[in-house]
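Listed below are the residues making up each chain.
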Amino acid sequence: MKLSISPNPSNPLFNDRLDIVILIGEDRLPEVFPAEGHPRPDRHLLLGLVQTIAMAIAERDPESVVFLDNGSVRLDRSGESKDVAADLVIAKNGQGRFAALVVGDSTAAGRVVRQAVRWFTGTVRLDVP
């Protein structure tokens, strides 16, 4: 699974083959895309990934977050291409490295990732160790 991003982002992770892509848009449910042949990722992994990205966005970490004012993103998966209309794209490769791509308004990214953290937290039972 690959992402085609124009203009090409500075983070080389977005040029790798990816194991997980999470698309997050304002006021809609997140979409999770595992690589072909891989099972859907564990909800605890997804929650941890989104929480980590939330911190990276708050700190504007240049190693983990790429901000694009304008651009287009396409997800190429299983021989199909899908234009991505998401405010936030989180990607993880097979080596465990991950990064986020914020498309458009960078101030909206904080709001969008907080919504995603709430949503993914709701998928995990926090009362079970």
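Throughout, residues of each chain are indexed from 1 in the direction in which the sequence is written. Confidence filtering applies because this is a predicted model: local features only for residues at pLDDT of at least 70, side-chain atom pairs given and counted only at 80 or more, and all residues used for totals across whole chains, interfaces and linings. Values reported for side chains reflect all heavy atoms of the structure, with hydrogen atoms and water molecules removed beforehand.

**Overview of the side chain of Ser 64**
What counts, and what does not: In DSSP terms, a helix is any run of H or I states spanning at least four residues, a strand is any run of E spanning at least two, and both are numbered starting from the N terminus. Burial here depends on accessible area, computed with a 1.4 Å probe over protein chains only, as a share of the maximum for the residue type. Under 20% is buried, over 50% is exposed, and the range in between is partly exposed. By the convention used here, residues are in contact when the closest approach between their heavy atoms is within 4.5 Å.
You can see Ser 64 is positioned in the loop between helix H1 (43–59) and strand S4 (65–68). Residue class for Ser 64 comes out buried when judged on its relative accessible area of 14%. Residues within four places of Ser 64 in sequence aside, it is in contact with Ala 56, Ala 99 and Ala 100.

**Considerations on the pattern of salt bridges**
For clarity, the cut-off: In what follows, salt bridge is the name for a side-chain nitrogen of Lys or Arg lying within 4 Å of a carboxyl oxygen of Asp or Glu.
Evaluated as defined, the whole model comprises 4 salt bridges. Notably, a salt bridge pairs Glu 31 with Lys 82, separated by 3.0 Å at the nearest N-O pair. Linking Glu 31 in strand S3 (residues 31–34) with Lys 82 in strand S6 (residues 80–84), this pair joins segments that are 51 residues apart in sequence. For Glu 31, a relative accessible area of 28% translates into the label partly exposed. Taken together, the shared-partner salt bridges in this structure form one network comprising Arg 28, Glu 31 and Lys 82.

**Here we look at the packing of aromatic side chains**
Applicable threshold: Paired rings are identified among Phe, Tyr and Trp, the last through its six-membered ring, by centres lying within 6.5 Å, and are further divided according to the angle between planes into stacked (under 30 degrees), edge-to-face (over 60) and tilted (the rest). To sit over a ring, a charge needs its Lys NZ or Arg CZ within 6 Å of the ring centre and within 35 degrees of the ring normal.
Inspection of the entire model under this criterion finds 1 aromatic pair. Residues Trp 119 and Phe 120 carry aromatic rings whose centres are separated by 4.9 Å and whose planes lie at 90 degrees to one another, so their mutual orientation is edge-to-face. Between the NZ or CZ atom of Arg 60 and the centre of the ring of Phe 67, over which it lies, the distance is 4.3 Å.

**Description of helix H2 (residues 106–122)**
The following threshold applies: By this rule the span expected of a helix is its residue count minus one, scaled by 1.5 Å.
The terminal C-alpha atoms of H2, which comprises 17 residues, lie 25 Å apart, in line with the 24 Å expected from a rise of 1.5 Å per residue. Tucked into the core, H2 has its buried residues touching strand S2 (18–24), S3, H1, strand S7 (88–93) and strand S8 (98–103).

**A few points about the sheet that holds S6**
To keep things clear, this is the line we draw: Strands were regarded as paired on the criterion that DSSP finds at least two bridges between them. Here the axes come from fitting lines to C-alpha atoms, over the contacting stretch only for helices, and the angles between their N-to-C directions go from 0 to 180 degrees.
Read across the sheet, 3 strands follow the order S1-S5-S6 without closing on themselves; strand pairing throughout is antiparallel. Single-partner strands in this sheet number two, and they are strand S1 (2–6) and S6. Between one strand axis and the next, the sheet turns through 25 degrees on average, direction left out of account. By the bridge criterion, 5 bridges tie S1 to strand S5 (residues 72–77) in an arrangement that is antiparallel. Paired with Ser 4 across the two strands is Arg 74, which belongs to S5.

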